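# Close look at the chain arrangement
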Amino acid sequence: MAGIRLRHSGLREQITGGDSAAVERQHALGKLTARERLDLLLDEGTFLEIDMYRRRQGGGLRSGGRRPYTDGVITGSGEIFGRRVFVYAQDFTVFGGSLGEAHAAKIHKLMDLALAAGAPLIALNDSGGARIQEGVVALNGYGGIFQRHVRASGVIPQISVILGPCAGGAAYSPALTDFTFMVRDTAQMYLTGPDVVEAVSGQRVTHAELGGAEVHGGRSGVATFVHDDEESCLEDVRYLVSLLPGNNLEPAPASPPLGAASDERPALAEIVPVEPNKPYDMRRVIDEVVDPDSVLELHEHWARNVICALARIDGEVVGVVANQPMMLAGVLDAVAAQKAARFVRFCDAFGIPLLTLVDVPGFLPGVDQEHAGVIRHGAKLLYAYCEATVPRIQVIVRKAYGGAYIVMDSRSIGTDLSLAWPANEVAVMGAAGAVNVIFRKELAAAEDPEGLRAELIAEYTRELMHPHYSAERGLVDDVIDPVQTRAAVARGLAMLRTKRGSSPQRKHGNVPL
Ligand code: HXC
């Protein structure tokens, strides 16, 4: 006897998206359709679609008879490099990807599943925002998404990919996730579009000027990654997922070790100039310390005086925070502190060890910074490190002065292992500045102030800034040969692999937002 089978109605095959004109328009804009994007994102043949037949239940302003299946969003689960993810892809060819009641309910269901399964959530956003003709139920739908993002925060990685316009609620959803990708020319994010901006302020701006990828990747810091096209963007989403654990209770996926614990890197002796103020590219140091071709830099074009990157060391995923002497001499400022703080908190939430490479002259002084709230923003980074319980390794590459030394994962705020290169200079401030402050009267009274100044600077350097000053006091655990850095960090990570951290019982801390 034949079993019960789904009668082949052909309906499933018809559910592709909007009509051919809408698809053509999408392609003409340089954009892929939602299903084409899913094909690129996921391992072939792994997508399991959910709620394909869902659609709008009548009602709404002049809604007519249009009730397309999917309701403008494709939801389901698949695999990336064999690991489970949950994904939704908004379909601009159906109601402009706008979010109505059914559309939102599908996303809610998917988010609940992702959280229950403990697997990353990926949102491919391409949407006109709240579906205007559905009124308050559309707003209610967004509220449900926001609430779920926050509930899942720190439990599963959440990734937003912006592949078209994202207005209003469509912009707040990414803002609540861990990573935001944007594609140049086709992606925009703003709370209110150019028309509203002109009506309110008289200012005329284009979509790109208001909220394009360049703006959010370089100025606002809203976008974590910026790409030229959808293909390379989705490729990088796949790479990011390969570095992340499925949830906060799993370790990040390790790749085979490369024998880093005995790996000497002669180039490290050459990259960093001995003169404390001479610039160099810290990315070259990072490249020598981590596994080849493993670096994924976040916010590459924003707050460039600090580098935040995910990478592998001997196969193990680490989060690297590093000052960048090539930009603003590597100072910390308000935006750099925000960038690094958020990254440190992400790594801590997902059990990713932290490697901090220090070469910092201090916090950037100035009226602009004080008025921009550098105290408040700097405190975010301080707070993030103080709170982090993952394995933490600090390497002082050259100088580390004042509050910036403390903030960059010093012993006093809980680093587990502090290593320093021989040229390390750790002090309240540099020798010249220090001598000016503490010997002001003597210098003013001296017959040969410049001679005395030189003498005092030499004395200060000799007494307070010699390579073993911090190590003699236990604030640095070892002074290492630079060429040994990769090996020393790999050994340190192995030593700390079983570290367990705990925090006092509380509802949550009050991070200075
Ligand atoms: C319903 C929408 C829509 C929306 C677009 N469409 N946005 N339908 N609700 N929000 C429909 C259009 O009517 C059109 O349908 C199709 O999608 C394609 O839109 P076009 O305008 O032709 O496309 P384009 O020229 O590329 O412009 C895209 C756009 C523009 C920039 C997104 O459509 C736009 O400005 N939309 C409104 C954006 C907005 O203000 N959203 C509300 C945000 S407030 P047809 O049938 O003609 O193909 C919000 C509240 C939540 O989200 C706030 C929470 C904090």
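Residues numbered from 1 in each chain as written. Predicted model: local features only at pLDDT ≥ 70, side-chain atom pairs only at ≥ 80, totals over all residues.

Per an unreviewed UniProt entry, the chain goes by the name Acetyl-CoA carboxylase carboxyltransferase component and belongs to Actinomadura viridis.

Scanning the chain for helices and strands turns up 21 helices and 16 strands. The C-alpha atoms of the chain give a radius of gyration of 26 Å, which matches the 24 Å a tight globule of 513 residues would have. Along the first, second and third principal axes, the C-alpha set of the chain runs to 100 × 65 × 45 Å. The 513 residues of the chain split such that 46% are buried. Sequence separation of 24 or more characterises 74% of the internal contacts of the chain that already satisfy a separation of 6 or more. (Helix = DSSP H or I, 4+ residues; strand = E, 2+ residues; numbered from the N terminus. Rg over C-alpha atoms; globule rule 2.2 N^0.38 Å. Buried ≥ 20, exposed ≤ 12 C-beta atoms within 10 Å, placed from the backbone. Contact = placed C-beta atoms within 7 Å.)

Quick look at the environment of methionine 465 now. Relative to the elements of secondary structure, methionine 465 occurs in the loop between α19 (449-464) and α20 (469-472). Judged by C-beta crowding, with 18 C-beta atoms within 10 Å, methionine 465 ranks as partly exposed. It is 23 Å that separates the C-alpha atoms of methionine 465 and lysine 441, two residues lying 24 residues apart in sequence. Contact partners of methionine 465, with chain neighbours within four places excluded, come to Glu425, Ala427, Ala431 and Tyr460.

Let's shift gears to helix α12 (residues 282-289). All of the buried residues in α12 are Met282, Val285, Ile286 and Val289. Around the axis of α12, the buried residues are gathered within 100 degrees of arc, so they sit on the same side. Where the residues of α12 are buried, they touch α11 (268-271), β10 (306-313), β11 (316-323), β12 (354-360), β13 (392-401) and α21 (485-496). (Arc of directions from axis to C-beta.)

Attention now moves to the site of the ligand. Near the ligand you find 18 residues, and of these Gly96, Gly128, Gly129, Gly168 and Gly169 are the closest. Of all the elements in the fold, those that place two or more residues in the shell around the ligand are α5 (136-152), β5 (158-167) and α6 (169-175). Ranked by the residues each element gives to the shell around the ligand, the list is headed by α6, at 3 residues. For the shell around the ligand, a count of residues per class yields 9 nonpolar, 8 polar and 1 charged. (Near = placed C-beta within 6 Å. Nonpolar A, V, L, I, M, F, W, Y, C, P; charged D, E, K, R; others polar.)

Ranked by size, the top nonpolar core spans 127 residues in total, and within it Val320 and Val344 carry the most contacts. When residues in this core are grouped by element, the largest group, 10 residues, is from helix α13 (residues 334-349). Here this core spans two domains, since at least three of its residues come from each of domain 1 (30-243) and domain 2 (260-427 + 468-496). If we skip the residues at most four places from it in the chain, valine 320 touches Ile286, Val290, Ile307, Ala309, Ala311, Leu355 and Leu357. (Core = buried A, V, L, I, M, F, W, Y, C linked by C-beta atoms within 7 Å. Domains from an automatic or database assignment.)

Let us look at the environment of phenylalanine 179. Among the secondary structure elements, phenylalanine 179 is positioned in strand β6 (residues 179-183). Overall, phenylalanine 179 belongs to the buried group, with 24 C-beta atoms counted inside 10 Å. Between the alpha carbons of phenylalanine 179 and phenylalanine 225 there is a distance of 7.9 Å; along the sequence they are 46 residues apart. Dropping the residues within four chain positions of it, phenylalanine 179 is found in contact with Ile159, Ser160, Thr224, Phe225 and Leu240.

Bringing the UniProt feature "domain: CoA carboxyltransferase C-terminal" (unreviewed entry) in the chain into the picture now. Those places that UniProt annotates as "domain: CoA carboxyltransferase C-terminal" (unreviewed entry) correspond, in this numbering, to residues 260-495. The span residues 260-495 carries 42% helix and 19% strand; its end-to-end C-alpha distance comes to 14 Å. (UniProt positions renumbered as here; feature names shortened; annotations may be inferred.)

Among all positions of helix α3 (residues 34-41), only Ala34, Arg37, Leu38 and Leu41 are buried. Angularly, the buried residues of α3 cover 100 degrees about the axis, an arc narrow enough to put them on a single face. In this structure, the buried residues of α3 make contact with β2 (73-80), β3 (83-90), β4 (121-127), β5 and α10 (230-243).

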